[in-house]
Amino acid sequence: QVQFVESGGGLVQPGGSLRLSCTGSRMILSTFTMYTMGWYRQAPGKERELVATFTSGGNTNVADAVKGRFTISKNNSKKTVYLQMNSLKPEDTAVYYCRGSIGERDYWGQGTQVTVSS
């Protein structure tokens, strides 16, 4: 079974930075390159929302709420997608999830908590 595992969350002060990682396992490298990867987040009492995507064709997109502060990138050789988060705000506090999509199949990571607080 394909798995994606997130890491890099934690507690950070407003204005700080974090880099999240999501690594795929139980797949060969060429298969990983075919995935569209996405980062989502869910704050307490709110619905899960899209943060950023990296398509298999190499196109990236970030949500308006984080544009200019967050960057998504990918290292195929490490089967890893990253979310660089700068200028963090308290409203960025959420559980961040990684999602890998290929065809009609979706695989979600277990999530990593990001807390922005002084």
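Below, the structure is looked at part by part. All values reported here derive from a predicted model rather than from experimental measurement. (Residues numbered from 1 in each chain as written. Predicted model: local features only at pLDDT ≥ 70, side-chain atom pairs only at ≥ 80, totals over all residues. Heavy atoms only, no water.)

### Quick notes on the nonpolar core
For step 1, the next point in the chain: Ranked by internal contacts, the top residues of the largest apolar core, which has 30 residues, are Phe4, Trp39, Leu83, Met85 and Tyr96.
For step 2, the next point in the chain: Among the elements of the structure, β3 (18–25), β4 (36–42), β5 (49–54), β7 (70–75), β8 (80–85), β9 (94–102) and β11 (112–116) are those that each provide at least two residues to this core.
For step 3, the next point in the chain: With four residues, the single largest contributor to this core is β9.
For step 4, the next point in the chain: When neighbours within four sequence positions are excluded, leucine 83 is seen to be in contact with Leu18, Arg19, Leu20, Trp39, Val51, Ala52, Phe70, Thr71, Ile72 and Tyr96. (Core = buried A, V, L, I, M, F, W, Y, C linked by side-chain atoms within 4.5 Å. Buried < 20%, exposed > 50% of the residue type's maximum accessible area, 1.4 Å probe, protein only. Helix = DSSP H or I, 4+ residues; strand = E, 2+ residues; numbered from the N terminus. Contact = heavy atoms within 4.5 Å.)

### Notes on the state of the cysteines
For step 1, the next point in the chain: Applying the stated criterion to the full structure yields one disulfide.
For step 2, the next point in the chain: The disulfide bridge from cysteine 22 ends at cysteine 98, spanning 1.9 Å between sulfur atoms. The disulfide joining cysteine 22 to cysteine 98 has a torsion of about -70° about its S-S bond and is therefore left-handed. One end of the pair, cysteine 22, is in strand β3; the other, cysteine 98, is in strand β9, with 76 residues separating them in the sequence.
For step 3, the next point in the chain: A relative accessible area of 0% places cysteine 22 in the buried class. (Disulfide = S-S within 2.5 Å.)

### Some thoughts on the pairing of strand β1 (residues 3–7)
For step 1, the next point in the chain: What you see with β1 is a clean split: Phe4 and Glu6 sit on the buried side and Gln3, Val5 and Ser7 on the side with no burial.
For step 2, the next point in the chain: By the bridge criterion, five bridges tie β1 to β3 in an arrangement that is antiparallel. Across the sheet, serine 7 pairs through a bridge with serine 21, a residue of β3. (Pairing = 2+ DSSP bridges.)

### Brief notes about the sheet that holds β8
For step 1, the next point in the chain: Taken in spatial order, the four strands of this open sheet run β1-β3-β8-β7, and their pairing is antiparallel. Across the chains shown, the open sheet's two edge strands, defined by having one partner strand only, are β1 and β7. When the angles between neighbouring strand axes are averaged without regard to direction, this sheet yields 15°. (Axes fitted to C-alpha atoms, helices over the stretch in contact; angles between N-to-C directions.)

### Topic: the pairing of β3
For step 1, the next point in the chain: In this structure, β3 lies alongside β8, joined through six bridges in antiparallel fashion. Across the sheet, cysteine 22 pairs through a bridge with valine 81, a residue of β8.

### Concerning the side chain of arginine 69
For step 1, the next point in the chain: Examined against the element boundaries, arginine 69 turns out to sit in the loop between β6 (60–62) and β7.
For step 2, the next point in the chain: Arginine 69 gets classed as buried once you look at its relative accessible area, which sits at 10%.
For step 3, the next point in the chain: A polar contact is formed between the side chain of arginine 69 and the backbone oxygen of serine 87, at a distance of 3.0 Å.
For step 4, the next point in the chain: Here aspartate 92 takes part through its side chain, which lies 2.7 Å from a polar atom of the side chain of arginine 69.
For step 5, the next point in the chain: Among residues more than four places away in sequence, those in contact with arginine 69 are Gln84, Met85, Asn86, Ser87, Leu88, Lys89 and Asp92. (Polar contact = N/O pair within 3.5 Å; in protein donor to acceptor, adjacent residues only side chain to side chain.)

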